[in-house]
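Observations on the model geometry
Okay, here's what each chain looks like letter by letter:
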Amino acid sequence: MSVIFERRSVRSFLPKPVEPEKIERILRAGFEAPSAHNRRPWEFMVITAENDRKAIADMSPYAKMTASAAAAIIPCANLNLGNASGEEDTWWVQDLSAATENILLQIAEEELGGVWLGWYPDGTRVKAFSRHFSLPPHIVPFSVIALGYPAGPVKPADRFDPAKVHYGAYGNHSA
Ligand SMILES: Cc1cc2nc3c(=O)[nH]c(=O)nc-3n(C[C@H](O)[C@H](O)[C@H](O)COP(=O)(O)O)c2cc1C
């Protein structure tokens, strides 16, 4: 079965570090994401230090598991590349989403667990992260991915919904 159908968000982790070679393969998956105009406007932060993970956990009410994760990967947008045609040029949001999903899929492929934590466009979270890590203004922390060895089994779910599929015309659910 493809890893796409096995991936689920994991929010509880074993107190066990993730091997650097696994982290590198996970990052490589991020770099392989599709990207508008092939700009690839991403950079990735890898955070393992406990004090930094705890600080990240405190920046969002929905990021507590980062404190007990083995690591956090933060796909960041480099706006010097992503905003090349000005403020209205926001294709980078989709580029960074694709990179985030590629990373989650490779995490599952490595038999690890991870969860996508929403950061951009929440200004408070973006500012708190940027301040803590002294990011230059053209670098935007887009998402936080907490990861590690899952503390329990990861249960797949079939979410296919034929009522949301339209063949040829809206409302036609049969092929
Ligand atoms: C943009 C985005 C933001 C998310 N933010 C959070 C978050 O802050 N905290 C969290 O625990 N899960 C977060 N999630 C994970 C979703 O809750 C999860 O993907 C959803 O419940 C579906 O479950 P699954 O990932 O197991 O398929 C986020 C997912 C996305 C795509």
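Below is a short write-up of the structure.

Conventions adopted
- Residue numbers here run from 1 along each chain, matching the order of that chain's written sequence.
- At least 70 in pLDDT is required for a residue's local features to be given in this predicted model, at least 80 for side-chain atom pairs to be given and counted, and no such filter applies to totals for whole chains, interfaces and linings, which use all residues.
- For the side-chain quantities, the full set of heavy atoms in the structure was used; hydrogens and water were omitted.
- Throughout this description, the term nonpolar core refers to a set of buried Ala, Val, Leu, Ile, Met, Phe, Trp, Tyr and Cys residues connected via side-chain atoms within 4.5 Å.
- Only protein chains enter the accessibility calculation, which uses a 1.4 Å probe; a residue is then buried when its area is under 20% of its type maximum, exposed when over 50%, and partly exposed in between.
- Working rule for contacts: check all heavy atoms of both residues, and any pair within 4.5 Å makes them a contact.
- One heavy atom within 4 Å of a molecule or strand is enough for the residue carrying it to be called near that molecule or strand.
- We call two N or O atoms a polar contact when they sit within 3.5 Å, provided that within protein one can donate a hydrogen and the other can accept it, with sequence-adjacent residues counted only if both atoms are side-chain atoms.
- Each residue gets one label: Ala, Val, Leu, Ile, Met, Phe, Trp, Tyr, Cys and Pro are nonpolar, Asp, Glu, Lys and Arg are charged, and the others, such as Gly, are polar.
- Note on conventions: DSSP H or I runs of at least 4 residues are helices, E runs of at least 2 residues are strands, and numbering of each starts at the N terminus.
- Note that the arc is defined by the directions from the helix axis to the C-beta atoms.
- Think of it this way: a Phe, Tyr or Trp ring, Trp meaning its six-membered ring, pairs with another when their centres are within 6.5 Å, and the plane angle makes it stacked under 30 degrees, edge-to-face over 60, tilted otherwise.
- Should the NZ of a Lys or the CZ of an Arg lie within 6 Å of a ring centre and within 35 degrees of the ring normal, that charge is described as sitting over the ring.
- All axes here are fitted lines through C-alpha atoms, helices being fitted over the stretch that makes contact, and every angle between N-to-C directions spans 0 to 180 degrees.
- Crossing chirality is assigned from the near helix's rotation relative to the far helix, an anticlockwise turn below a right angle marking it left-handed and a clockwise turn marking it right-handed.

**Structural notes on the nonpolar core**
Grouped together as the largest cluster of nonpolar side chains are 46 residues, with contacts concentrated most on Ile-56, Ile-74, Leu-117, Trp-119 and Phe-129. Not counting the four nearest positions on each side in its chain, Phe-129 is found in contact with Met-45, Ile-56, Met-59, Ile-74, Trp-119, Leu-135 and Pro-141.

**As for the site of the ligand**
Within the structure, the ligand sits among Arg-7, Arg-8, Ser-9, Arg-11, Tyr-62, Met-65, Val-115, Trp-116, Leu-117, Gly-118 and Arg-159. Backbone polar atom of Tyr-62 to a nitrogen atom of the ligand: 3.0 Å apart, as the coordinates give it. Within the contact set of the ligand, an oxygen atom lies 2.6 Å away from a side-chain nitrogen or oxygen of Arg-159. Class assignment for the residues of the shell around the ligand results in five nonpolar, two polar and four charged.

**Structural notes on unusual backbone geometry**
Of the consecutive residues Tyr-120 and Pro-121, the connecting peptide bond is found in the cis state with omega at 10°. Considering the arrangement of structural elements, one finds Pro-121 in the loop between strand S3 (113-118) and helix H5 (123-132). The backbone of His-37 sits at a positive phi, close to 55°, despite the residue not being glycine. Tracing the backbone through its elements, the reader meets His-37 in the loop between helix H1 (20-31) and strand S1 (42-47).

**Topic: H5**
It helps to recall that an α-helix has 3.6 residues per turn; residues three or four apart then point in one direction. Taken together, the buried positions of H5 are Arg-125, Val-126, Phe-129 and Ser-130. What you see down the axis of H5 is that its buried residues fit within an arc of 125°, all on one side. Set apart from the buried face of H5 by more than 90 degrees, the exposed residues are Thr-124, Lys-127 and Arg-131. Against the buried residues of H5 lie S1, helix H2 (50-57), strand S2 (71-78), S3 and strand S4 (139-141). Ser-134, located one to two residues past H5, shows a positive phi value of around 50°.

**Side note on the packing of aromatic side chains**
Taken as a whole, this structure holds four aromatic pairs when the rule is applied. Aromatic pair Phe-129 and Phe-133: ring centres 4.5 Å apart, planes at 40°, arrangement tilted. In this structure Phe-129 comes out as buried when scored by relative accessible area, which is 0%. Counting every residue linked through ring pairs, the aromatic cluster contains Trp-92, Tyr-120 and Phe-142. Over the aromatic face of Tyr-149 sits the side chain of Lys-16, whose NZ or CZ is 4.0 Å from the ring centroid.

**Considerations on the packing of H1 against helix H4 (residues 91-109)**
Put simply, H1 and H4 touch, their axes get as near as 7 Å, and they point 145° apart. Crossing hand, H1 versus H4: right-handed. Contact residues: Arg-25, Ile-26, Ala-29 and Gly-30 in H1; Ala-99, Asn-102, Ile-103, Gln-106 and Ile-107 in H4. When its residues are assigned to classes, the contact of H1 with H4 shows five nonpolar, three polar and one charged.

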